[in-house]
Amino acid sequence: MSPLDNPPSPFSPPTAEPTRAQREADARVVPLEPFRSSKALSLGVELELQLVNTHDYDLAPYAEDMLRGMAQFDLRGSVVPEMTSSMIEISTDVCHSAEEVLQQLGPLRDALVKVAGKLNIAVLGGGTHAFQQWHEQRIYDKPRFRQLSELYGYLSKQFTIFGQHVHVGCPDADSALLMLHRMSRYIPHFIALSASSPYVQGQDTQFDSARLNSVFAFPLSGRAPFTLSWKEFEGYFARMTRTGVVKSMKDFYWDIRPKPEYGTIEIRVFDTPLTVERAAALAGYVQTLAAYFLQEQPFVPSEDDYLVYTYNRFQACRFGLDAVYVDPSNGEHMPLREHILRTMTMLEPHAAVLDATRAFGRLRSSVEASENDARWLRERQGRERLLAEVVRQAAERFRTPVG
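Scope of this entry: the structure provided in the associated data block.

The rules we used
Residues numbered from 1 in each chain as written. Predicted model: local features only at pLDDT ≥ 70, side-chain atom pairs only at ≥ 80, totals over all residues. Heavy atoms only, no water. Salt bridge = Lys/Arg side-chain N within 4 Å of Asp/Glu carboxyl O. Helix = DSSP H or I, 4+ residues; strand = E, 2+ residues; numbered from the N terminus. Buried < 20%, exposed > 50% of the residue type's maximum accessible area, 1.4 Å probe, protein only. Contact = heavy atoms within 4.5 Å. Axes fitted to C-alpha atoms, helices over the stretch in contact; angles between N-to-C directions. Parallel < 35°, antiparallel > 145°, perpendicular 65-115°, else oblique. Left-handed = near helix turned anticlockwise from the far one by under 90°. Nonpolar A, V, L, I, M, F, W, Y, C, P; charged D, E, K, R; others polar. Core = buried A, V, L, I, M, F, W, Y, C linked by side-chain atoms within 4.5 Å. Phe/Tyr/Trp six-rings, centres within 6.5 Å; stacked < 30°, edge-to-face > 60°. Lys NZ or Arg CZ within 6 Å of the ring centre and 35° of its normal. Pairing = 2+ DSSP bridges.

1. A word on the pattern of salt bridges
Thinking step 1. Summed over the entire model, instances satisfying the criterion amount to 23 salt bridges.
Thinking step 2. For Glu 368, the salt bridge is made with Arg 364, and the minimal N-O distance between the two is 3.2 Å. Of the two residues, Glu 368 and Arg 364 both sit in helix α13 (residues 357-368), four residues apart, roughly one turn of that helix.
Thinking step 3. You can call Glu 368 exposed: its relative accessible area is 51%.
Thinking step 4. Sharing partners across several salt bridges, the network here consists of Arg 76, Asp 93 and Glu 100.

Right, dumping it as structure tokens:
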């Protein structure tokens with residue numbers, strides 16, 4: 001049939017030209033970079049650390065001096081600045097086991113301690129500094145940090161908090177999204193096992209992990225959208241960049257986010273532990289869970305998994321290992337400690353294959369004793385009645401290798 005056989009109705013509205021606003025929105029669309037190939041179950045760990053003076057153990061703006069001092073060491077991994085000048089971040093290269101993570105973090109710690117000693121400061125872990133005042137912090141002089149400060153105002157300085165991020169390699173993009181949403185059921189595990197931020201500005205918050213309350217203030221925090229297809233995720237990312245609110249994956253502060261440039265997912269809810277040994281053990285726990293998911297394909301996640309997600313996350317932040325866990329698959333309520341121990345028992349064969357048995361043993365013994373770093377800090381404060389002394393002891397704990 002010729003188009004002339006079916007001419008347009010004179011009453012049909014003309015095809016609308018895109019408005020200026022629509023053209024500008026279309027111009028903002030940024031394509032999501034391809035998901036790079038990475039070895040399944042490979043690991044990468046980042047630790048944000050506190051820099052304190054050795055006079056009153058308050059935070060000290062020595063990041064630039066620390067970076068200059070660390071440049072003399074030839075070590076695997078990296079050392080970079082963070083949002084404020086009293087923070088520093090160390091990270092591993094690609095690792096393949098918890099033991100290898102520790103082999104890289106240990107020398108980085110030792111070098112940090114050596115440089116800090118020359119500057120008469122100290123380095124420590126923990127998710128928050130116990131008594132620092134956020135308004136006294138300085139934004140580190142870096143373009144991205146200045147931009148974030150201009151956008152988020154005082155929240156940027158309140159972001160003087162300290163977390164551990166764990167990357168785990170995924171075989172392809174769709175597997176990464178499947179892994180991400182399976183991991184979401186275990187977010188309370190990660191929070192309770194790493195919790196080390198009970199004190200904020202000199203007060204006991206009654207939370208084991210108060211750090212995450214600061215993260216939740218950011219508009220693009222929380223959970224990733226539910227999709228199991230990378231094509232659908234690319235569509236979501238395009239729509240978000242079209243709004244002009246998002247320019248890259250860095251703008252999402254989700255609990256877990258895909259990192260296509262590395263071929264990983266990145267879990268971001270951990271407080272920085274008080275020792276690098278516990279940090280390595282937590283990475284081993286993530287890797288073992290990932291192996292269980294890839295090899296056994298135990299369940300297909302669904303949007304309904306997130307019905308109890310925020311509740312479980314709050315429980316873990318507030319009560320740590322004493323939290324209540326609601327199983328999203330059946331609604332069963334149980335002590336979080338019990339759910340962690342059940343999971344560890346189930347994962348033991350995978351841990352043995354991955355050389356994570358020692359890491360598992362370290363974590364399991366602490367769960368059985370209802371111990372985490374938040375409890376350690378509270379016990380020290382109960383004894384000392386002086387938070388500066390607690391910070392000093394935490395710095396001593398960080399510098400001392402755990403056998």
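2. Remarks on the environment of Val 402
Thinking step 1. Note on placement: Val 402 falls in the segment after α15 (387-399).
Thinking step 2. When the C-alpha atoms of Val 402 and Thr 275 are compared, they prove to be 7.8 Å apart, with 127 residues separating the residues in sequence.
Thinking step 3. Ignoring any residue separated from it by four or fewer positions in sequence, one finds Val 402 in contact with Thr 275, Glu 277 and Arg 362.

3. Examining the packing of helix α14 (residues 373-384) against α15
Thinking step 1. Here α14 crosses α15 at 135°, and the two axes come no closer than 9 Å. With respect to α15, the element α14 is oriented oblique. The handedness of the crossing between α14 and α15 comes out as right-handed. Residues Asp 373, Trp 376, Leu 377, Arg 380, Gln 381 and Glu 384 of α14 form the contact with α15, whose participating residues are Leu 387, Glu 389, Val 390, Gln 393, Ala 394 and Arg 397.
Thinking step 2. Class assignment for the residues of the contact of α14 with α15 results in five nonpolar, two polar and five charged.

4. Quick word on the environment of Leu 347
Thinking step 1. Among the secondary structure elements, Leu 347 is positioned in helix α12 (residues 336-353).
Thinking step 2. Take Leu 347: its relative accessible area is 0%, and that puts it in the buried class.
Thinking step 3. With near-sequence residues (within four places) excluded, Leu 347 lies in contact with Tyr 285, Thr 288, Leu 289, Tyr 292 and Phe 360.

5. Notes on helix α11 (residues 309-319)
Turn by turn, an α-helix covers 3.6 residues, leaving residues three or four places apart pointing in a common direction.
Thinking step 1. All buried positions along α11 are accounted for by Tyr 309, Asn 312, Arg 313, Gln 315, Ala 316 and Cys 317.
Thinking step 2. At its buried positions, α11 is contacted by α7 (187-194), α8 (211-215), β8 (221-222), β12 (324-326) and α12.
Thinking step 3. Gly 320, located one to two residues past α11, shows a positive phi value of around 60°.

6. With respect to the nonpolar core
Thinking step 1. Of all hydrophobic cores here, the largest spans 98 residues; its most connected members are Met 66, Met 183, Phe 190, Phe 252, Ile 265, Ile 267 and Tyr 285.
Thinking step 2. Of the residues forming this core, the biggest block, 13 residues, is contributed by helix α10 (residues 276-296).
Thinking step 3. Membership of the second largest hydrophobic core comes to 20 residues, among which are Val 52, Tyr 57, Ala 130 and Phe 131.

7. Quick notes on the packing of aromatic side chains
Thinking step 1. A complete count under the given rule lists 16 aromatic pairs for this structure.
Thinking step 2. One aromatic cluster is present, built from ring pairs that chain together Phe 35, Trp 230, Phe 233, Tyr 236, Phe 237, Phe 252 and Trp 254.
Thinking step 3. One Lys or Arg, Arg 182, reaches over the ring of Phe 299 and ends 5.8 Å from the middle of that ring.
Thinking step 4. Of note, Arg 313 hangs over the ring of Phe 216, and the distance from its end group to the ring centre comes to 4.1 Å.

8. Some thoughts on the pairing of strand β3 (residues 87-91)
Thinking step 1. Counting buried residues along β3, five of its five residues qualify, which places the element largely inside the surrounding structure.
Thinking step 2. Judged by which residues are buried, β3 turns out to be covered on both faces: Met 87, Glu 89 and Ser 91 on one side and Ile 88 and Ile 90 on the other are all buried.
Thinking step 3. Both strand β1 (residues 43-53) and β3 contribute to a ladder of five bridges, which runs antiparallel. Residue pairing for β3: Leu 47 is matched across the bridge by Ile 90.
Thinking step 4. Where strand β2 (residues 78-81) and β3 come together, four bridges link them in antiparallel fashion. Directly across from Val 79, in β3, lies its bridge partner Ile 90.
Thinking step 5. Remark: five residues form the turn of the hairpin made by β2 and β3, two consecutive strands paired antiparallel.

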